[in-house]
Amino acid sequence: MFSDAPGPIGVFDSGYGGLTILEEIRRLLPGYDYVYLGDNARSPYGCRSFDVVYEFTRQAVVKLFELGCHLVILGCNTASAKALRSIQIRVLPEIAPDRRVLGVIRPTAEMVGNVTKTRHIGVLATEGTARSGSYELEIAKFFPDVIVNTQACPLWAAIVEAGEADSDGAAYFVRKRLDELLERDSEIDTILLGCTHYPLLLKQISRYCILRLSGTGHQMAILPQGNIVARALENYLLRHPEIEDKCTKGGACRYLTTENADRFGECAATFLSERISAEHISLG
């Protein structure tokens, strides 16, 4: 059904947030070719049902397979939470048994327990990821003694995409959600940014944590996912040479969007350290 020729590594997200994952992957593994697909026309995914997120994600994965990808990273927490397992179980065995689809939740869950000293962590996430309970389930597999509190953060992704991450309005919503999280569990010493948009709010989050904890002697570790996922991918390719051999190595990156290509290029500048041009593509 799909060409067996080597191809780029695919990175998929419902919108722009996965660009923070892609950038860290390219920083660590610059020699590979990549194709990024953002389903911007149908984002956000966070408020959509499991069935809808699964179907949209399935369409994107199939498209990336058609474009030659043998390995696809779901650089989206909502897609990883709501669609990854079903794709691995239902889609791959039927249409692409030799191809692989990986997510961002498992590699994060595998290491977060090594950071916390109090064994209490907080996860900041979209409403969809929070409702899925995916972080609680995955972290429990590796660190059953760790207590996980997931805080839904409505509007955060929209604030970032609007270019308002450094605004007073963003500071208000960051303070509101962190207060809710830390009032629920004052022993949290590690906060995981469980949405790929949230690294752009890292300064605001760090600033407020320092202010809130000032004079208490309490310190907070704040973990974006990009570097964690990039290192997990590096390790995966080392352990799976049969997949690594199917990844082309030219250092190129192609950007695709289901929305207006010019708009994607403009908005992507908020997430990337370089200017890019994108191509429009249809799914479904």
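You'll find the structure just up there.
In this text the structure is predicted, and so the values were computed from the model without any measurement.

Novice: Outline unusual backbone geometry, listing residues and values.
Specialist: With an omega of 5 degrees, the peptide bond between Ser43 and Pro44 qualifies as cis. Within the element layout of this structure, Pro44 appears in the loop between strand S2 (34-38) and helix H2 (50-66). Not every positive phi belongs to a glycine, and Arg119 is a case in point at roughly 70 degrees. In this structure, Arg119 sits in the loop between helix H5 (105-112) and strand S5 (120-125). Here the phi dihedral of Leu155 falls at roughly 80 degrees; this positive angle occurs in a residue that is not glycine. Looking at the secondary structure, you find Leu155 in the loop between strand S6 (147-152) and helix H8 (156-161).

Novice: Which residues make up the packing of aromatic side chains, and what values go with them?
Specialist: Applying the stated criterion across every chain yields a total of nine aromatic pairs. Aromatic side chains Tyr16 and Phe271 sit 5.8 Å apart centroid to centroid with 15 degrees between the ring planes, which places their arrangement in the stacked category. On the criterion of sequence distance, the pair formed by Tyr16 in the loop between strand S1 (9-13) and helix H1 (18-28) and Phe271 in the loop between helix H13 (261-268) and strand S10 (279-280) is long-range, its members being 255 residues apart. Owing to a relative accessible area of 5%, Tyr16 belongs among the buried residues under this scheme.

Novice: Which residues make up the nonpolar core, and what values go with them?
Specialist: Core analysis: the biggest nonpolar cluster contains 67 residues, and Leu19, Leu124 and Ile205 have the highest contact counts within it. Setting aside residues no more than four positions away along its own chain, Ile205 makes contact with Leu124, Trp156, Val174, Leu178, Leu193, Tyr198 and Ile222. In terms of nonpolar packing, the next biggest core, distinct from the first, is built from 28 residues, Phe12, Val35, Leu74 and Ala79 among them.

Novice: Let's hear about the pattern of salt bridges: which residues, and what values?
Specialist: All told, the structure shown has 15 salt bridges when counted by the stated rule. Note that Lys63 is salt-bridged to Glu66, the shortest N-O span being 3.6 Å. Residue Lys63 and its partner Glu66 are located together in helix H2, separated by three residues, close to a single helical turn. The partly exposed category is assigned to Lys63, whose relative accessible area is 21%. Under the relative-accessibility criterion, Glu66 is labelled partly exposed at 47%.

Novice: Got a sec to walk through the packing of H1 against helix H11 (residues 226-239)? Specific residues and values, please.
Specialist: Orientation of H1 relative to H11, taken along the N-to-C sense of each, is 50 degrees, at an axis distance of 8 Å. Between H1 and H11, the interaxial angle falls into the category oblique. Relative to H11, H1 is oriented so that their crossing is right-handed. For the pair H1 and H11, the contacting residues are Thr20, Ile21, Glu24, Ile25 and Leu28 in the first and Gly226, Asn227, Val229, Ala230, Arg231, Leu233 and Glu234 in the second. A breakdown of the residues in the contact of H1 with H11 according to their chemical character gives six nonpolar, three polar and three charged.

Parameters at a glance
Residues numbered from 1 in each chain as written. Predicted model: local features only at pLDDT ≥ 70, side-chain atom pairs only at ≥ 80, totals over all residues. Heavy atoms only, no water. Helix = DSSP H or I, 4+ residues; strand = E, 2+ residues; numbered from the N terminus. Phe/Tyr/Trp six-rings, centres within 6.5 Å; stacked < 30°, edge-to-face > 60°. Buried < 20%, exposed > 50% of the residue type's maximum accessible area, 1.4 Å probe, protein only. Core = buried A, V, L, I, M, F, W, Y, C linked by side-chain atoms within 4.5 Å. Contact = heavy atoms within 4.5 Å. Salt bridge = Lys/Arg side-chain N within 4 Å of Asp/Glu carboxyl O. Axes fitted to C-alpha atoms, helices over the stretch in contact; angles between N-to-C directions. Parallel < 35°, antiparallel > 145°, perpendicular 65-115°, else oblique. Left-handed = near helix turned anticlockwise from the far one by under 90°. Nonpolar A, V, L, I, M, F, W, Y, C, P; charged D, E, K, R; others polar.

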